[in-house]
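Report on the structure
Residue-level listing of the chains:
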Amino acid sequence: MQQTLFDKIWNFHRVAQRVDGRDLIYIDRHVLHELHAHHAFAQLLKQGRPVRRADLTFAVQDHTVATKPGRDDDTNPSGSAFIKAMREGCRTNRIRLFDVDDPEQGISHVVAPELGIVLPGATHAVPDSHASTVGGIGALAFGCGTTELAHILATQVMALKRPKSMRVQLDGRLAAGVSAKDVALRIIAEIGVAGARGHVVEYAGAAVRAMPIEQRMTLCNLNIEMGGRSGFVAPDDATFEWLARRPFVPQGAQWDRALRYWGTLASDEGAGFDREVRLDCATLEPQITWGTDPSQVVGISGCVPDPAALDPGRRAAAASAFGYMDLAPGTPLLGLPIDRVFIGSCTNSRLPDLQVAADVVRGRHVAEGVVAMVVPGSSSVKREAEAAGLDRVFREAGFFWGESGCSMCAGGNGDRGEPGERCVSTTNRNFENRQGPKVRTHLASPATAAASAIAGRIADARRLAPGAA
Amino acid sequence: MMQPFNRHTGIAAPLVKDDINTDQIAPILHSRGLKEDYRAMLFHRARRREDGSDDPDFVLNKPQFRAAGILVTGENFGAGSSRESAVWSMLANGIRVIVAKSFADIYRENCLQNGLLPVVLGSAFGDQFIARVVAVDGKAPFTVDLVTQRISGPGGPDIVFEIPAADRTRLIEGLDDIGLTLKHVDEIASWEARAQTAQPWLQSARDAR
């Protein structure tokens, strides 16, 4: 019987079937963050249940940490109780914490792969819907809630109904200036915000194989925005090369043995998927959202759609988005004046993302009146970017260069826009009020965000006017 | 903690929109602490006008729906962030049942963990039920019975709904989910032993530096 890679990872990790029909799936690596951790620790304490595998559990302060240089626990006052409670819970439960001042602190989805904490063919859970970011290295990751988090802490398994499988086949070669972010936004536009609900998605095809690992992570990061339960790319030599020598990966003979095993991690020829979707990436241009959900997307040269041209099921949402976004059907996206740019988040904050943005920005300056910020995805990314001089490029252009964290993605640390502002953001959700009350968010790639900061308007990085230094 | 669910009789409030996300249900607010006011959090922005006063047009602010126990809504309810506060804030407001055309996966799981009953009515039945709820306008309650899997109330015949048998049992009995899993603790231990042989790197996460 031919098996998908999802089948293989699931079946390997299936511990038992519970009386209620759910499969108990062993979680190899579990990473907590401060918004959920204290509730889960408190629950276990009350029940007198210990943490089963503290050695396979990690914690990262990311959602509420301030990005201001010299930050501490209290720089964002609304985060300090969460930060301190997780620190205390990690201390009593002997969990390795990447604390606010740790040189390897950052966003959990960035930190876990860059340290080699997650591995190909491993299962991973985070109390965060973007857990599947690490699918980019071939891990099977599940986002969970707080009660499930306590369950994993106590048992090291998740009780799951087996999801269906889906393959998204990405053909062709991406044009210059087009990235995984653009591909992901186009897929969500095609299948909708619930298009992958109940499914684990395998991203395959020539376009995926050609993507560097960081781009694959961006692709898998946005999987939840089409409702997917998880999403991944089968690992290949590029994955193994990327992981080699990272501190938490197996060493020596173990590494060689792991490598042989990881080489078998692929869907069998002819394995059946419950659903298949294909997208030709060769003709794709940079994409941008115009509305208030991540499926409301057009090519950068496009216009806000006419509701009559939309699928009937999407018209009500579009009508409500026009008002919130202050946009009329037929308005071109290019040239729309903007107030703010955010480059960061688990979607687009890894070193190559920052390099692409810096290449656009270098020798230019942020437009008058635009507030632009770059927040690296981890303190390690920040250090590497600084070693490459990227911080100087951004600062000299008028960007704020922050300490690592989730920052303006959900605004949990106080980084927000002002009411009515239009913001081009490399994040994952353009929901109403997410980046601040009444902030109008346009999701786009780092290149588009950087170009827009320079132009003061939504801009195509491939056509940016030569800048004066 | 899990509250068992058998049946609930209450006012049904129609919130007729698709894709309502957890940022809308339970927004991240400026000032917060570990003991949050989940009652105030529910639809915090949608419930209020710019000056902070209650928006009388928002369904849960209307006098007839202030004590609603059943929320009736469209497709893909609870999309977005995995925050469980989007379930706790429902319970803090006395809402014990959400009837939707469909739910986002993580939200539905969070409902089951807390004894908030997620009822899925397919598109056609969902529209019929929404029409009934709108017509009744809070003047009389509906009863959602998980034991008989029926919704009954004014304006039409009983509606039978489907729910996986295991989810139903878990809600009715208010089963402790961790306890249920720990019955398999020996199998968890033997899986760990097997993994230690088959893929030893999975059972160890050490910093090699």
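Each remark here, short or long, concerns the structure printed above.
Quick caveat: nothing in here was measured; it's all calculated off a predicted structure. (Residues numbered from 1 in each chain as written. Chains lettered and ligands numbered in written order. Predicted model: local features only at pLDDT ≥ 70, side-chain atom pairs only at ≥ 80, totals over all residues.)

All names here are of chain B. With respect to topology, 4 strands assemble into an open sheet ordered β2-β3-β4-β5, the strand pairing being parallel. Single-partner strands in this sheet number two, and they are β2 (12–15) and β5 (117–120). Averaged over all pairs of adjacent strands, the angle between strand axes in this sheet comes to 20 degrees, irrespective of strand direction. Strand direction decides the pairing type here: strand β4 (residues 97–100) and β5, joined by 4 bridges, are parallel. By the bridge assignment for β5, Val-97 is matched with Leu-117. (Pairing = 2+ DSSP bridges. Helix = DSSP H or I, 4+ residues; strand = E, 2+ residues; numbered from the N terminus. Axes fitted to C-alpha atoms, helices over the stretch in contact; angles between N-to-C directions.)

Next up on the list: the interface of chain B and chain A. Many descriptions give the size of an interface as the accessible area lost when the pieces come together. Taken together, the contact between chain B and chain A spans 48 residues of the former and 58 residues of the latter. When residues of the side of chain B that touches chain A are traced back to their parent elements, those giving at least two are α4 (105–114), α6 (165–173), α7 (177–182) and α8 (185–198) of chain B. A total of 6 residues in the side of chain B that touches chain A trace back to one element, the largest contributor, which is α4 of chain B. Along the lines of polarity and charge, the residues of the side of chain B that touches chain A split into 17 nonpolar, 16 polar and 15 charged. (Contact = placed C-beta atoms within 7 Å. Nonpolar A, V, L, I, M, F, W, Y, C, P; charged D, E, K, R; others polar.)

A few words now on the packing of helix α6 (residues 180–191) of chain A against helix α8 (residues 213–221) of chain A. Residue and element names in this part refer to chain A. Following both chains from N to C, one finds α6 and α8 inclined at 25 degrees, their axes separated by 8 Å at the closest point. Of the possible angle classes, the one that applies to α6 and α8 is roughly parallel. Here α6 runs over α8; the crossing is right-handed. When α6 is examined against α8, the residues Ala-180, Lys-181, Val-183 and Ala-184 are found in contact with a partner set consisting of Gln-215, Arg-216, Thr-218 and Leu-219. Of the residues assigned to the contact of α6 with α8, the class counts are 4 nonpolar, 2 polar and 2 charged. (Parallel < 35°, antiparallel > 145°, perpendicular 65-115°, else oblique. Left-handed = near helix turned anticlockwise from the far one by under 90°.)

Let us look at the sheet that holds strand β9 (residues 164–171) of chain A. All names here are of chain A. In space, the 4 strands of this open sheet follow the order β11-β10-β9-β12, with parallel pairing throughout. Here the strands that pair on one side only, and so sit at the sheet edges, are β11 (230–233) and β12 (275–280). Averaged over neighbouring strand pairs, the angle between their axes works out to 20 degrees when direction is ignored. Both strand β10 (residues 199–204) and β11 contribute to a ladder of 4 bridges, which runs parallel. Each residue of the ladder has a partner; that of Glu-202, found in β11, is Phe-232. Along the sheet, α6 contacts β9 and β12; its crossing angle with β12, the most-contacted strand, is approximately 125 degrees.

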